[in-house]
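Understanding the architecture of this molecule
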Amino acid sequence: MRPDAEAIAEQVFTALADPTRRDILAALASGGPATATDLAGRLPITRQAIAKHLGLLAEAGLVTAAPGERRRVRYRLRSAPMQVAQQFLAALARDWDTALDALADHLDRSVRAAGG
Amino acid sequence: MGFPDRIERTVEVAHPPAEVWAALTTADGLASWFGNEATIDLRPGGSARMRWTDGPTAEMRVERVEEPTVFGFTWQIYGLPEDDPRRTYVEFTLEPTGAGTRLRVVESGFAQLPEDAFRKAYDGNTDGWASELGELVAYLDAA
């Protein structure tokens, strides 16, 4: 495991551990790029709180700010760190226990079907 | 955090290696316990495919075929985009025991990341990072 992969994944999981940041990321994922003011209109949080969370998300590389005047800066989701984190989740989601149980059941059934 | 690069399981089954081999390497076998439908071209470099009735499919590439002891294939990492080149390697090893077979499965490669994935993941606030949609718009505008 490369330690930098862990660092990226950790930032993703830290971001996702906070409900407000999950809401912000979900809003950007579903609605596309938005300003802090747009997001404040859609979410039950103050613009100041959203700006603070967006700053943190940008530092973690999870959102990126398009150049623009202050208050008109549009934030967009960056998928690359999510893909790194997804790879870690994939190892946890790969369910060999269930698959191997199914294999054992299948072998037992085939033998019974063959009159064993 | 310490996420795993490899997953390893060993199970004892009360059936001889030939039966286990058939379950692992034939379309009928795979469709009976793993996917809901399966096709397989059982030779190194051959393609195999599994489909589940609830939607997902898995495209596999057969890598090792040493009947009836080693069967290996690569497949995509679950959850990553379809065009992502990263794949994990799955290897089944069958060892005869008195009454049946000791079956070991090792899936490795979860921690692999190509350089460009790191570059993208770290490349924080770059200007002009064009999204697919941005590229499509530019393409349409140019046409």
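Look a little higher up for the structure.
Keep in mind that what you see is a predicted model, and the values were worked out from it rather than measured.

Let's shift gears to the interface of chain B and chain A. Put simply, an interface is often sized by how much accessible area is lost when its parts join up. Contacts between chain B and chain A engage 49 residues on the former and 41 residues on the latter. Counting the contacts that link chain B with chain A gives two salt bridges. The salt bridge partner of Arg-9 of chain B is Asp-97 of chain A, with a shortest N-O separation of 2.6 Å. Where chain B meets chain A, there are seven residue pairs in polar contact (both at pLDDT 80 or more). Listing elements by their share of the side of chain B that touches chain A, those giving two or more residues are β1 (6-13), α1 (17-25), α2 (27-33), β5 (70-76), β6 (87-96), β7 (101-108) and α3 (115-122) of chain B. Here the side of chain B that touches chain A gets five residues from one element, more than from any other, and that element is α3 of chain B.

This part is about the sheet that holds strand β1 (residues 34-35) of chain A. Each strand in a sheet pairs with another by means of backbone hydrogen bonds, the pair being arranged parallel or else antiparallel. Residue and element names in this part refer to chain A. Strands sit in the order β1-β3-β2 across an open sheet of three strands; the sheet is antiparallel. Across the chains shown, the open sheet's two edge strands, defined by having one partner strand only, are β1 and β2 (63-66). Here two bridges tie β1 to strand β3 (residues 74-77), and the two strands are oriented antiparallel to one another. Note on β3: the bridge partner recorded for Ala-34 is Tyr-75.

Before going further, it helps to spend a moment on a negative patch on the surface. A surface patch of negative charge is lined by Asp-95, Asp-101, Asp-105 and Asp-108 of chain A. Note on placement: Asp-108 of chain A falls in helix α6 (residues 96-113).

Residues and elements named next belong to chain B. Per the counting criterion, the structure on display carries 12 salt bridges over all chains. Arg-61 is the salt-bridge partner of Glu-63, the closest N and O atoms lying 2.8 Å from each other. Overall, the relative accessible area of 41% leaves Arg-61 in the partly exposed class. Linking Glu-95 and Arg-102 is a salt bridge whose minimum nitrogen-to-oxygen distance equals 3.1 Å. Owing to a relative accessible area of 30%, Arg-102 belongs among the partly exposed residues under this scheme. Each member of the salt-bridge network shares a partner with another, and the members are Arg-6, Glu-8 and Arg-104.

Residues and elements named next belong to chain A. Secondary-structure assignment places Ala-40 in helix α3 (residues 36-42). Residue Ala-40 is classed as partly exposed on the basis of its relative accessible area of 22%. Between the C-alpha atom of Ala-40 and that of Asp-18, which follows or precedes it by 22 residues, the distance is 17 Å.

With 18 residues, α6 of chain A extends 25 Å between its outermost C-alpha atoms, agreeing within 8% with the 26 Å of an ideal straight helix rising 1.5 Å per residue. Residues Trp-96, Ala-99, Leu-100, Leu-103, His-106 and Leu-107 of chain A constitute the buried set of α6 of chain A. For α6 of chain A, the angular spread of the buried residues around the axis is 115 degrees, confining them to a single face. Exposed residues on α6 of chain A whose side chains face more than 90 degrees from its buried face are Asp-101, Arg-112 and Ala-113 of chain A. Buried residues in α6 of chain A make contact with β1, α1, α2, β5, β6 and β7 of chain B.

Parameters at a glance
- Residues numbered from 1 in each chain as written.
- Chains lettered and ligands numbered in written order.
- Predicted model: local features only at pLDDT ≥ 70, side-chain atom pairs only at ≥ 80, totals over all residues.
- Heavy atoms only, no water.
- Contact = heavy atoms within 4.5 Å.
- Salt bridge = Lys/Arg side-chain N within 4 Å of Asp/Glu carboxyl O.
- Polar contact = N/O pair within 3.5 Å; in protein donor to acceptor, adjacent residues only side chain to side chain.
- Helix = DSSP H or I, 4+ residues; strand = E, 2+ residues; numbered from the N terminus.
- Pairing = 2+ DSSP bridges.
- Patch = residues over 30% accessible without salt bridge, like charges linked within 9 Å, V, L, I, M, F, W, Y side chains within 5 Å.
- Areas by Shrake-Rupley, 256 points an atom, 1.4 Å probe, with all protein chains shown as cover.
- Lys, Arg positive; Asp, Glu negative; His and termini not counted.
- Charge placed at Lys NZ, Arg CZ, Asp CG, Glu CD.
- Buried < 20%, exposed > 50% of the residue type's maximum accessible area, 1.4 Å probe, protein only.
- Expected span 1.5 Å × (residues − 1).
- Arc of directions from axis to C-beta.

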